[in-house]
Amino acid sequence: MSVHLHWFLPTGGDGRTLVDRHAYGSNQAGSPVRGVRPPDIEYLAQIAKAAEQLGFEAVLTPTGTWCEDAWLTTVALAQHTQRLKFLVAFRPGLISPTLAAQMAATYQRVTRGRLLLNVVTGGDSAEQRRFGDRLDHDRRYARTDEFLSVVRGVWRGQPYDFDGEHYQVECGLTALPPDPLPQIFFGGSSPAAGPVAARHSDVYLTWGEPPAQVKEKIDWIRSLAEREGRTVRFGVRLHTISRDSSAEAWATANRLLDDLDADTIAAAQTALGRSESVVQQRMLALHGGSRGELEIHPNLWAGVGLVRGGAGTALVGSHAEVADLIEEYHALGVEHFVLSGYPHLEEAYWFGEGVIPELSARGLLEDTVVGGAAPLLVAGGR
């Protein structure tokens, strides 16, 4: 079981701090926030090309109000890259499942098979209502269950009928099914989410809780999948701060905290506390809104989650220490690591030139190839 490494495309803006980058660096008064990089296609192409060159398999592109559309952005970036895959986040229920299946099939042909799908059911009712969705948390997961049933049904290339609570489809069809079928990544920690993941996901993706808690999730989903007669693989979503020494890495983490005052943290915690997402609440519980005791497991730091929704933990340490923690998760059954860092261009190089050689030396990576050519050699250290 090899490790699969993926990076992140900051389509909501990037920069050297953890401060809010909504609306690409403008605050409500319209004044720009210092140090923010707008997510224009030229900058995102730099990140995508770096990820491809360094040996990452794919890049995750988020979805929501505060970022560029994932489908359009990534199909444009596919023209700037050769082998890099795109893990496109999308929300079921906002478009027809038959149309989504057709979009995925077209995407696979346009990019020659470089699409992965990240299904985001949604944990914030206010955000969902912006898109006209008024279902509550559990009903959203029930709808996702039906949505993915239709998607997989119409991918068979034969007329498909479905009669559910949320969708009624007659002779649904994707005339030219995608080849290969995109892998479906899916996350969710609530009782409503688990059975949906077991029935439909190829990779169950969790945010970076300590290894013991991740193991509990893996055991839970694996047992549910076995009841469905399926096998599910596992992934974890984390940030990373890797340096030539542990001291350098922790100094960088502490500098990120220096930009955060008490009011900023309090406001972010209040907003995040309103989320209906179970896993978001688990992220908040890791630090309780406090700057103290943020290293919640050796080399696992919860500081990002003080102000950022979603993934709130980071691998912090020397390249070898970060590789150690990846190896610890891998031993539990985690294959896919979806990583990010601030800023994303520079941190991709720190990880790619520092940690990837460590993982390769431990036999955890398959040979990295670029465009089907010879193995890519990556220099160690930086």
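What you see is a predicted model, and the numbers here were worked out from it, not measured in a lab.

Caption draft 1: Representation of the pattern of salt bridges. Within the structure shown, the criterion is met by 16 salt bridges. Residue lysine 217 pairs with glutamate 209 through a salt bridge whose shortest N-O separation is 2.9 Å. Residue lysine 217 is classed as buried on the basis of its relative accessible area, which comes to 4%. A salt bridge links arginine 362 to glutamate 327, with the nearest nitrogen and oxygen atoms 2.8 Å apart. You can see arginine 362 sitting in the segment after helix H13 (344-361) and its partner glutamate 327 sitting in helix H12 (residues 319-332), a full 35 residues away along the chain.

Caption draft 2: Fine view of the pairing of strand S1 (residues 4-8). Most of S1 is tucked away, with five of its five residues classed as buried. Residues His4, His6 and Phe8 of S1 are buried on one face, and the alternating residues Leu5 and Trp7, pointing to the opposite face, are buried as well. Pairing geometry for S1 and strand S4 (residues 58-61), over three bridges, is parallel. In the strand pairing of S4, phenylalanine 8 is matched with leucine 60.

Caption draft 3: Representation of the packing of helix H4 (residues 97-111) against helix H6 (residues 137-154). Running from N to C, H4 and H6 cross one another at 50°; their axes reach a closest spacing of 8 Å. When the axes of H4 and H6 are compared, the pair comes out oblique. Taken as a pair, H4 and H6 cross one another with a handedness that is right-handed. Residues Pro97, Thr98, Ala100 and Ala101 of H4 form the contact with H6, whose own contacting residues are Phe147, Val150, Val151 and Val154. Broken down by class, the residue content of the contact of H4 with H6 amounts to seven nonpolar, one polar and no charged.

Caption draft 4: Looking closely at the nonpolar core. In terms of nonpolar packing, the biggest core is built from 74 residues, with Leu5, Phe86, Leu315, Tyr329, Phe337, Phe351 and Leu359 touching the most fellow members. Apart from the residues lying within four places of it in its own chain, the contact partners of tyrosine 329 are Gly208, Glu209, Pro210, Pro211, Val214, Leu238, Leu300, Leu315, Val334 and Phe337. In terms of nonpolar packing, the next biggest core, distinct from the first, is built from 17 residues, Trp301, Ala302, Val304 and Ala314 among them.

Caption draft 5: Quick look at helix H2 (residues 41-54). Compared with the 20 Å implied by 1.5 Å per residue over 14 residues, the 20 Å span of H2 between its first and last C-alpha is a close match. Of the positions making up H2, those classed as buried are Tyr43, Leu44, Ala45, Ile47, Ala48, Ala50, Ala51, Glu52 and Leu54. Along its buried surface, H2 packs onto S1, strand S2 (14-15), strand S3 (36-37), S4, helix H3 (70-77) and H13. In the segment just after H2, glycine 55 is the residue with positive phi, at about 110°.

Conventions used here
Residues numbered from 1 in each chain as written. Predicted model: local features only at pLDDT ≥ 70, side-chain atom pairs only at ≥ 80, totals over all residues. Heavy atoms only, no water. Salt bridge = Lys/Arg side-chain N within 4 Å of Asp/Glu carboxyl O. Buried < 20%, exposed > 50% of the residue type's maximum accessible area, 1.4 Å probe, protein only. Helix = DSSP H or I, 4+ residues; strand = E, 2+ residues; numbered from the N terminus. Pairing = 2+ DSSP bridges. Axes fitted to C-alpha atoms, helices over the stretch in contact; angles between N-to-C directions. Parallel < 35°, antiparallel > 145°, perpendicular 65-115°, else oblique. Left-handed = near helix turned anticlockwise from the far one by under 90°. Contact = heavy atoms within 4.5 Å. Nonpolar A, V, L, I, M, F, W, Y, C, P; charged D, E, K, R; others polar. Core = buried A, V, L, I, M, F, W, Y, C linked by side-chain atoms within 4.5 Å. Expected span 1.5 Å × (residues − 1).

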